[in-house]
Amino acid sequence: MIADGAQSLGGRLGGRPVGSLADITTLSFHAVKPVTSGEGGACVTDDGALAESVRRGRNHGMTSTAEERSALNWRYDVTSLGSNHRMTSFQAALGAAQLSRLETGRERRRELADRYDRLLGKLPGITLPPRPPERESSWHLYAEEVSPEDFGCPRDKVIDALRAEGIQATLHYPAVHLLAMYRSRGGRPGMAPRAERLAERLVTLPLFAGMTDADQDDVVAALIRIQSWAASRPGWAVEHGEPPAHPGQPT
Ligand SMILES: Cc1ncc(COP(=O)(O)O)c(C=O)c1O
């Protein structure tokens, strides 16, 4: 089993860390991830034969690396198809340093996620991220669900208004089967109603290890302002469809 752990490094299932739950777990070290090497990633396995086959696959299927051949043993064989998936040493050095901060970073993001839960739990129309038993999130993302009716404002307008305040809210993710590539292969509305509903309602809020409590208070204050603005103009979203550039400012 190959598990996609691109977002879940640091998470746990039943006390077992991500990376130990499948034969191979793939990790992403893209710049927005909690551990980054700028770009790139890693495959994690405790199976020596699998590790060797991944190493060869990333190196043109060759039986030795250039570094190994720089010593006396310059001969090599090619045992499978492979490509160049090698990370540069510069990136690896950055990634190795970042890895040492994995636990402290996750701990801070967990604190911030708990704090978001406390601060946002009081706002009508917001459903907090689920916390299923036995699962500990890596807290790579904090995505909450906004009910347009109860919050008083459509989700897209919430994201637009947060961004107008300089807050990098976004969506993870659009419903995959409705993206153009999958539509061209038969993806249609109604095929995955739960994903479609969430794609219309989720908002990802900023969450990163360097975030201060004051940063987070700003995000929550902006959400409260947007909600108050919408509440003071019932029906505006339906009638006018456009959010103010800065909901906090008098119009
Ligand atoms: C679940 C998941 N899989 C795979 C990827 C791709 O990772 P990368 O961009 O490092 O190839 C991402 C990136 O965000 C992801 O979230």
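All of these numbers come straight from a predicted model, not from anything done at the bench.

**What to know about the pairing of strand S8 (residues 142–146)**
Successive residues of a regular strand alternate their side chains across the two faces of the sheet.
Link 1 in the chain: Judged from the two bridges that link them, strand S6 (residues 126–127) and S8 form a sheet pairing that is antiparallel. Across the sheet, residue Thr127 finds its bridge partner in S8, namely Glu145.
Link 2 in the chain: As paired elements, S8 and strand S9 (residues 202–205) share four bridges and run antiparallel to each other. In the sheet register, Tyr142 faces S9, and the bridge partner there is Leu205.

**Some details on the domain arrangement of the protein chain**
Link 1 in the chain: Taken as a whole, the protein chain is organised into domain 1 (2–99) and domain 2 (102–240).
Link 2 in the chain: Across the boundary between the two partners, domain 1 contributes 13 residues, which contact 11 residues of domain 2.
Link 3 in the chain: Looking at the side of domain 1 that touches domain 2 residue by residue, the classes come out as six nonpolar, five polar and two charged.

**Points about the sheet that holds strand S1 (residues 2–4)**
Link 1 in the chain: Spatially, the three strands line up as an open sheet ordered S1-S4-S5, and their pairing is mixed. Sheet topology places S1 and strand S5 (41–44) at the edges, where each strand pairs with a single neighbour. Adjacent strand axes in the sheet meet at a mean angle of 20° when their direction is disregarded.
Link 2 in the chain: Where strand S4 (residues 24–28) lies against S5, four bridges are found, and the strand directions are antiparallel. Looking at S5, one finds that Leu27 is bridged to Ala42.

**A closer look at the site of the ligand**
Link 1 in the chain: Taken together, Asp4, Ala6, Gln7, Ser28, His30 and Gly41 form the complete shell of residues around the ligand.
Link 2 in the chain: Per-class residue counts for the shell around the ligand are one nonpolar, four polar and one charged.

Definitions and limits used
- Residues numbered from 1 in each chain as written.
- Predicted model: local features only at pLDDT ≥ 70, side-chain atom pairs only at ≥ 80, totals over all residues.
- Pairing = 2+ DSSP bridges.
- Helix = DSSP H or I, 4+ residues; strand = E, 2+ residues; numbered from the N terminus.
- Domains from an automatic or database assignment.
- Contact = placed C-beta atoms within 7 Å.
- Nonpolar A, V, L, I, M, F, W, Y, C, P; charged D, E, K, R; others polar.
- Axes fitted to C-alpha atoms, helices over the stretch in contact; angles between N-to-C directions.
- Near = placed C-beta within 6 Å.

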